[in-house]
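# Breakdown of the fold
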Amino acid sequence: YGALDLGTNNCRLLIAAPAGRSFRVVEAYSRIVRLGEGLSQTGRLSDAAMERALAALKVSAEKVRRRRVLKLKAIATQACRSAENGQAFIDRVAAETGLQLQIISPREEAQLSVAGCLNLLDRSADAALVVDVGGGSTELSWVDLSGDLDTNLSTFSTGKLPIKAWLSIPIGVVTLAERFPEGATATEAWFRSMVEVVKTELAAFGRAEPMRPLFDEGRAHLIGTSGAITSLAGLHLGLQRYDRSRVDGIWMTRDECEAAAASLRALTPVERAAQPCIGPDRADLVLAGAAILQAVQELW
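Cut-offs applied
- Residue positions are given per chain, counted from 1 along the sequence in the order it is written.
- Confidence filtering applies because this is a predicted model: local features only for residues at pLDDT of at least 70, side-chain atom pairs given and counted only at 80 or more, and all residues used for totals across whole chains, interfaces and linings.
- Side-chain metrics in this entry use all non-hydrogen atoms of the structure; hydrogen atoms and water are not considered.
- Secondary structure elements are taken from DSSP: a helix is a run of H or I of four residues or more, a strand is a run of E of two residues or more, and numbering for both begins at the N terminus.
- Between buried and exposed lies partly exposed: a residue is buried under 20% and exposed over 50% of the maximum accessible area for its type, with that area taken using a 1.4 Å probe on protein chains only.
- Any two strands between which DSSP finds at least two bridges are classified as paired.
- Every angle, taken between N-to-C directions, lies between 0 and 180 degrees, and every axis is a line fitted to C-alpha atoms, over only the stretch in contact when it is a helix.
- In what follows, residue pairs with any heavy atoms lying within 4.5 Å of each other are defined as contacts.
- Aromatic contacts are taken between Phe, Tyr and Trp rings whose centres are within 6.5 Å, Trp giving its six-membered ring; a plane angle under 30 degrees counts as stacked, one over 60 as edge-to-face, and the others as tilted.
- Over a ring means this: the NZ of a Lys or the CZ of an Arg is within 6 Å of the ring centre and within 35 degrees of the ring normal.

### Thoughts on unusual backbone geometry
Non-glycine residue Arg-34 carries a positive phi angle of around 50 degrees. By secondary structure assignment, the location of Arg-34 is in the loop between strand E3 (22–32) and helix H1 (39–42). A relative accessible area of 16% places Arg-34 in the buried class. Although it is not a glycine, Ser-226 sits at a positive phi angle of roughly 150 degrees. Note that Ser-226 resides in the loop between strand E9 (220–225) and helix H9 (227–237).

### A word on the sheet that holds strand E7 (residues 138–144)
Pairing in this open sheet of four strands is mixed, and the strands run E8-E7-E6-E9 from one edge to the other. Since the sheet does not close on itself, it has two edges, and those belong to strand E8 (163–169) and E9, each with one partner. If you compare each strand with its neighbour and ignore which way they point, the axes differ by 15 degrees on average. Two strands pair when backbone bridges link them, and E7 and E8 are joined in this way by six bridges, in the antiparallel orientation. Following the sheet pairing, Trp-142 is matched in E8 by Ala-165. On the sheet, helix H13 (residues 286–299) packs against strand E6 (127–133), E7 and E9 and is oriented at approximately 160 degrees with respect to E6.

### Some remarks on the packing of aromatic side chains
Following the criterion strictly, the structure yields four aromatic pairs and no others. On the numbers, 5.9 Å between centres and 80 degrees between planes, the contact of Tyr-1 with Phe-23 is edge-to-face. Of this pair, Tyr-1 sits in the segment before strand E1 (2–6) while Phe-23 is found in strand E3, placing the two residues 22 residues apart along the sequence. Overall, the relative accessible area of 47% leaves Tyr-1 in the partly exposed class. Put simply, the rings of Trp-142, Phe-205, Phe-215 and Trp-300 pair up and form one aromatic cluster. Cation over ring: Arg-212 sits above Trp-300, and NZ or CZ is 3.9 Å from the ring centre.

By themselves, these observations are geometric and do not establish any function.
Laid out in structure tokens, this is it:
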């Protein structure tokens, strides 16, 4: 099986073979392509961004062919959703690589985020908030954990997940970083301005309010998914190289998340790029991701 996700910032491919009730990963590929670079100013995918994405997609298509993938789900998200030339780019991808990308809705994106985190949900809690921080959008899903979550995989459907409320905001690490360019130093005021913009978007959403008592009483937890949040976790652990087995499923307190963000702000962009769990491709985006997570934590 193959899964390909063309996001606003990243192109990711995972190929896996069934192994009992789980999967054995046989190929993993990830490339930062910045497909949404400049999109918030122009409304269009730029030529340079499309070329970067196409290069990664050609590599992905070759891996899919070489591994003889029988079933492939290939999706595109916010950048292709919002760009006026998004569908034209999808058509070009099909012509040049053979990959049939499907532009999914924010609702499906939120559902897939929850589906991907099912084995991380704490069954002893009553609710969870899944936060998927992307390059061009952020999806939030409030999940009811009071029922039986151990669904039969043969009849599994993302539409049957116990999501009580969901929200997609058109703010991700790329759009936020472009809106708030970093100066010579990452000041507290600059960081707070990003946090407040995200909080304003989130605070206007009322459909999750019936679940607020569960969060106020400590009977709920957050799950963060995305490169921005896993980078924070890697920094918190002090890893000398990124290690998925140590990052996936790690519990961090709110204080630990804020401490990781504060240590990031204390670094120059060059020092940030030298961090093994960040690197030069994410150095200018990781603080925007920390600001989004901070906004969610302050409200929920």
